[in-house]
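Overview (structure and organization)
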Amino acid sequence: MEYPNRKIWIARYLLLISVACFISQLNASDDVKFYESFDEDFEGKWTASEKPEYTGVWKHAKSEGHDDYGLLVNEKARKYAIVKEVDEHVDLKDGTVVLQYEVRLQNGLECGGAYIKYLRPQDAGWIPKEFDNESPYTIMFGPDRCGTTNKVHFILKHQNPKSGKFVEHHLKFPPSVPSDKLTHVYTAILKPDNEVKILVDGEEKKKANFLSADDFEPPLIPSKTIPDPDDKKPEDWDERAKIPDPEATKPDDWDEDAPMEIEDEEAEKPEGWLDDEPEEVDDPEAAKPEDWDDEEDGEWEAPKVDNPKCAEAPGCGEWKRPLKRNPAYKGKWHAPLIDNPSYKGIWKPREIDNPEYFELDRPNFEPIAAVGIEIWTMQDGILFDNILIASNENVAESYRETAWKPKFTVEKEKQKEEETTESEGLKGYQVIEDALMYSYWLQFTFLNDYSS
């Protein structure tokens, strides 16, 4: 197995060189609005929430099998919150904006989130040291899995210009989260034509339009009309399509008291039926336990067993005629249904103009002022890395090809090696099992030959 290990070592070495070169080029680009590689300790750069419910302690740690550092969720069953402000607010209203980051679920993810919140400016009512789940964000993006939930979230918080309310708009039918423990890169591309694309490992998994009611729930643009909340159903409104025929009468021969089943008068007791034999008898082999105390335990009774005489006969005990369906049974009489002449249909309130309706050509995005991670998770080992906000798709693609892909390839190679080793081990167990079975067969054959 030395050759695969040597390939992995060389790949890691080349990875470190390529990442170092790439990061220096990346940081110098005007298209990069925010970038965090976590190569250096995050202390002093990121602010962990001081809210008492966020007991999870973040760690600056290496990704398993790499010399590459990231931000690590270190303990199970904790709430975590940490945030970093961007140098300049990122405007989402003009041009392309790319949100991208890596996350590795080193111990899997059964129940928890690994998403990022892109926060609004602090004048919206939050401060870094009190960052929590109520802190106002403009976009939430990333994987989440728990129970039946398995999705890569994309949620836009958009302000209704009429009501002033901020509403969460969820992407419909988002992609699912990869189920392995490898490093994956998640990308959201926001285009000036209102298109948004979700990529996982550089592969497009979802395309949507911000203004399409088919793509977001609830839609960004509300309906023009709404049901009038003050409209009430008239008291004489009849919603019954059918009613009992008021002129129908019960037939004279309709007996509602007739039973559903009656005794079969034609049935005869089978020959050999043992009327005087019980179906169960005392177990003749049972004996009272030696430590049985009649005063404390009560009178001992032998357990019952099926009467062996009944097994040889058609039956035991009192014979009763079986029941059959009563041909005279009709049940409770009901008048037949007829069309309701007063039927008006299912009542609905009248539609009125929606006071919160508005039109727009482009979402009124709030700017991104900070990047935050606020999660609750039952798993540890979640590693965040290489968080990027850019105004050019090529920058994000260059990052994936130069930094993420070599790392992913190393992990994939190692996974393949482990699967091969495991498979060979299972084959080895099968060989041993086959050998043992053959040995038993030889011994059996030899003993038979010898005894004959």
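Described below are features of the structure shown in this document. Every value quoted in this text rests on a predicted model; they were computed, and no experiment measured them. (Residues numbered from 1 in each chain as written. Predicted model: local features only at pLDDT ≥ 70, side-chain atom pairs only at ≥ 80, totals over all residues. Heavy atoms only, no water.)

What to know about the overall build of the protein chain
A count of helices and strands for the protein chain gives four helices and 25 strands. Expressed as a percentage of its 452 residues, the buried residues of the protein chain come to 38%. The contacts of the protein chain with a sequence gap of at least 6 include a subset with a gap of at least 24, amounting to 75%. Accessible surface, the protein chain as shown: approximately 27,500 Å² in total, 48% of it carbon and sulfur. (Helix = DSSP H or I, 4+ residues; strand = E, 2+ residues; numbered from the N terminus. Buried < 20%, exposed > 50% of the residue type's maximum accessible area, 1.4 Å probe, protein only. Contact = heavy atoms within 4.5 Å. Areas by Shrake-Rupley, 256 points an atom, 1.4 Å probe, with all protein chains shown as cover.)

Regarding the side chain of Thr-138
Here Thr-138 shows up in strand E9 (residues 137-146). By relative accessible area, which is 0% here, Thr-138 ends up buried. Beyond its immediate sequence surroundings of up to four residues, Thr-138 is in contact with Leu-92, Tyr-118, Leu-119, Arg-120, Ile-155, Leu-156, Lys-157, Glu-366, Pro-367 and Ile-368.

With respect to unusual backbone geometry
A cis amide bond links Glu-217 with the next residue in sequence, Pro-218, at an omega value of -10 degrees. Within the secondary structure layout, Pro-218 lies in the loop between strand E15 (216-217) and strand E16 (225-227). Although it is not a glycine, Phe-173 adopts a positive phi angle of roughly 50 degrees. When its relative accessible area of 69% is taken as the criterion, Phe-173 is described as exposed. Even without glycine at this site, Asn-386 takes up a positive phi of about 50 degrees. Among the structural elements, Asn-386 can be located in strand E25 (residues 382-390).

Digging into the side chain of Ser-49
As for its position among the elements, Ser-49 is in the loop between strand E2 (47-48) and strand E3 (58-62). Polar contacts involving the side chain of Ser-49 include one to the main-chain amide nitrogen of Lys-51, which spans 3.2 Å. (Polar contact = N/O pair within 3.5 Å; in protein donor to acceptor, adjacent residues only side chain to side chain.)

Points about the nonpolar core
Residues Tyr-101, Tyr-118, Phe-141, Phe-154 and Phe-384 are the most contacted members of the largest nonpolar core, which totals 58 residues. A total of six residues in this core trace back to one element, the largest contributor, which is strand E5 (residues 78-90). Beyond its immediate chain neighbours, meaning those up to four positions away, Phe-384 contacts Phe-38, Trp-58, Gly-70, Leu-71, Val-73, Tyr-101, Glu-102, Val-103, Ala-114, Tyr-115, Ile-373 and Ile-375. Counting nine residues, the second largest nonpolar core, distinct from the first, contains Val-32, Tyr-35, Val-98 and Leu-199. (Core = buried A, V, L, I, M, F, W, Y, C linked by side-chain atoms within 4.5 Å.)

A short note on the environment of Ile-116
Tracing the chain through its elements places Ile-116 in strand E8 (residues 116-119). A relative accessible area of 0% means that Ile-116 is categorised as buried. Sequence separation of Ile-116 and Gly-142 is 26 residues, and the distance between their C-alpha atoms is 6.1 Å. Sequence-distant contacts of Ile-116, defined by excluding residues within four places in its chain, comprise Tyr-101, Ile-139, Met-140, Phe-141, Val-371, Gly-372, Ile-373 and Ile-387.

Just geometry here; none of it tells us what the structure is for.
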